[in-house]
Amino acid sequence: MKYTTCASRFAGLLGAVLIQGINVEAQSPSPNIVKPPGGLATPSSTVGSGPLFGVYRGPLAAPAVEAYEKWIGTQVSLGVEFAATDSWDKIEGPNWLLSPWAKWVKAQPGRRLMLSVPLLPGPWNGNGPTQGKGANEPVSLEKGAQGAFNVHFAELAKNLVAQGLGDSWLRLGWEFNGGWYTWRAGGKDQAYAEYWRQIVKTMRAVPGAQDLKFVWNPALGYLGLPSEKAWPGDEFVDFVGIDIYDDSWVHDTYPWPEGTTPDAITARRKKTWQEALLNGNHGLTFWKKFAAEHHKPLGFPEWGVDNRKDKHGGMDDSHYVEQMHAFISDPKNNVAFHCYFDFQAPDGHHQLSPGANGVPTEFPEASAKFAELFGKPAK
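Residues numbered from 1 in each chain as written. Predicted model: local features only at pLDDT ≥ 70, side-chain atom pairs only at ≥ 80, totals over all residues. Heavy atoms only, no water.

**Description of the overall build of the chain**
Reasoning step 1: Of the regular secondary structure elements, the chain holds 11 helices and 13 strands.
Reasoning step 2: Accessible surface for the chain amounts to roughly 14300 Å². Of this, 53% is attributable to carbon and sulfur atoms. (Helix = DSSP H or I, 4+ residues; strand = E, 2+ residues; numbered from the N terminus. Areas by Shrake-Rupley, 256 points an atom, 1.4 Å probe, with all protein chains shown as cover.)

**Re the side chain of Arg 269**
Reasoning step 1: Within the secondary structure, Arg 269 is located in helix α8 (residues 262–278).
Reasoning step 2: Buried charged residue Arg 269 carries no salt bridge. Nearest counter-charge: Asp 317, at 4.0 Å.
Reasoning step 3: For Arg 269, the residues in contact, after removing those within four places along its chain, are Tyr 254, Trp 256, Gly 314, Met 315, Asp 316, Asp 317 and His 319. (Buried < 20%, exposed > 50% of the residue type's maximum accessible area, 1.4 Å probe, protein only. Lys, Arg positive; Asp, Glu negative; His and termini not counted. Salt bridge = Lys/Arg side-chain N within 4 Å of Asp/Glu carboxyl O. Contact = heavy atoms within 4.5 Å.)

**Let's talk about the packing of helix α6 (residues 150–162) against helix α7 (residues 189–204)**
Reasoning step 1: The geometry of α6 relative to α7 is characterised by a closest axis approach of 8 Å and an angle of 40° between their N-to-C directions. With respect to α7, the element α6 is oriented oblique. By crossing handedness, the relation of α6 to α7 is classed as right-handed. Between α6 and α7, the contacting residues are Asn 150, Phe 153, Ala 154, Leu 156, Ala 157 and Leu 160 on the first element and Tyr 195, Gln 198, Ile 199, Thr 202 and Met 203 on the second.
Reasoning step 2: Tallied by class, the residues present in the contact of α6 with α7 amount to 8 nonpolar, 3 polar and no charged. (Axes fitted to C-alpha atoms, helices over the stretch in contact; angles between N-to-C directions. Parallel < 35°, antiparallel > 145°, perpendicular 65-115°, else oblique. Left-handed = near helix turned anticlockwise from the far one by under 90°. Nonpolar A, V, L, I, M, F, W, Y, C, P; charged D, E, K, R; others polar.)

**Focus on helix α9 (residues 284–293)**
Reasoning step 1: Within α9, burial applies to Leu 284, Trp 287, Phe 290 and Ala 291. Considered in projection along α9, the buried side chains sweep an arc of 125° and stay on one side of the axis. Exposed and facing more than 90 degrees away from the buried side of α9 are Lys 289 and Ala 292.
Reasoning step 2: For α9, the secondary structure elements touched by its buried residues are β7 (213–216), β8 (239–241), β9 (244–245), α8, β10 (298–304) and α10 (318–329). (Arc of directions from axis to C-beta.)

**Re the environment of Val 240**
Reasoning step 1: Along the chain, Val 240 falls in strand β8.
Reasoning step 2: With a relative accessible area of 0%, Val 240 lands in the buried category.
Reasoning step 3: Measuring from C-alpha to C-alpha, the distance between Val 240 and Pro 297 comes to 6.4 Å, with 57 residues separating the pair along the chain.

**Describing unusual backbone geometry**
Reasoning step 1: The omega torsion of the bond from Tyr 254 to Pro 255 falls at -5°, within 30 degrees of zero and hence cis.
Reasoning step 2: Along the chain, the position of Pro 255 falls in the loop between β9 and α8.
Reasoning step 3: Positive phi is not limited to glycine here, since His 282 has a value of about 60°.
Reasoning step 4: As for its placement among the helices and strands, His 282 is situated in the loop between α8 and α9.
Reasoning step 5: Relative accessible area serves as the criterion here: at 8%, His 282 is assigned to the buried category.

**Looking at the packing of aromatic side chains**
Reasoning step 1: Applying the stated criterion across every chain, the model contains 41 aromatic pairs.
Reasoning step 2: Centroid distance Trp 101 to Trp 104: 5.5 Å. Interplanar angle 80°. Geometry classified as edge-to-face. One end of the pair, Trp 101, and the other, Trp 104, are both in helix α4 (residues 95–106), 3 residues apart, so they sit about a helical turn from each other.
Reasoning step 3: The class of Trp 104 is buried, set by a relative accessible area of 3%.
Reasoning step 4: Through successive ring pairs, a cluster of aromatic residues spans Phe 53, Tyr 68, Trp 71, Trp 273, Trp 303, Tyr 320, Tyr 340, Phe 370 and Phe 374.
Reasoning step 5: Across the ring face of Trp 124, the terminal group of Arg 184 is positioned such that the distance to the ring centre comes to 3.5 Å. (Phe/Tyr/Trp six-rings, centres within 6.5 Å; stacked < 30°, edge-to-face > 60°. Lys NZ or Arg CZ within 6 Å of the ring centre and 35° of its normal.)

**Quick look at the side chain of Arg 308**
Reasoning step 1: Tracing the chain through its elements places Arg 308 in the loop between β10 and α10.
Reasoning step 2: Side-chain polar atoms of Arg 308 contact the side chain of Asp 310, separated by 2.6 Å. (Polar contact = N/O pair within 3.5 Å; in protein donor to acceptor, adjacent residues only side chain to side chain.)

**Description of the pattern of salt bridges**
Reasoning step 1: A full pass over the atoms with the stated rule returns 15 salt bridges.
Reasoning step 2: One salt bridge in this structure joins Lys 369 and Glu 322, with 3.4 Å as the shortest N-O distance. Placement of Lys 369 in helix α11 (residues 364–374) and of Glu 322 in helix α10 is noted, with a sequence separation of 47 residues between them.
Reasoning step 3: Overall, the relative accessible area of 17% leaves Lys 369 in the buried class.
Reasoning step 4: The residue Glu 372 makes a salt bridge to Lys 369 at a minimum N-O spacing of 3.3 Å.

Right, dumping it as structure tokens:
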């Protein structure tokens, strides 16, 4: 789920969270990586009428998305979820994962599930799923490229259709350009691309699954792999998705020394946006051009302010929120959707909405700016 310089990765995501007895695993990112009442406003319910608004609020959090929608005062069209990584059974879309989201989607027109789908189950070393089908059988991108795992993705498509989720958007093997996932593509970019093609062809062949959309989703920045080398081909991708967090390793940005003045901190935040996030190596400028060249809309499956233990996040940064809003809102950038990562993950905090029992956010300035620009707050 989450992060990188910008990005997110499950890695950034959820270290190890127990969900109703289900372990959702994530790995830590490499240390040198820049990662990462006034009623509802009328939503944009179709691509082309404006960027769709989405949110991640934690595992199995469809009810929490409802609460978030009431807070922000505008419809949330995309609910983000992550399939667990420890078994093929969980990647295939079990009822306990999909059923709550099916209920959420059906409750209001214009809603869709955005599901983050691991390409390979099991630990980082490729030893394979720790339980269920194929337990302890090694996995690899190369095997996937040969079609060895197609059956699992056919099952996922069938389960999505059976739940009435046949128009879901799927983030297959997200943040593959980082080194934190079992499906990392460094040195295996062609195997990753062919495995992607195998999955898309398999899922599209399932009756009722023709409306599934596929989000090709690297993390922002150059993370040891030129992500474009793992492009599977225009016919197999619907959206170019980029995960972008307010993180930086650029000199004189983050972290800032103790005693730095507010004006100097603001300057560092502005430098982060210009030199790391927008114009850095494989920054937003690069990805805007790449998406246009491939005739694909751009999107942000994950984005957020960041409070990291290593202090490489911009903290309560309203400037970052302003710049993201400006980029997302500019028609020239052809942004189809954005999903805020409203969650306090183990490797970084991002939550802008009030927490449980109305606990205030730790980012009051960014939260207020976000509500002003993206929402319709109650008066």
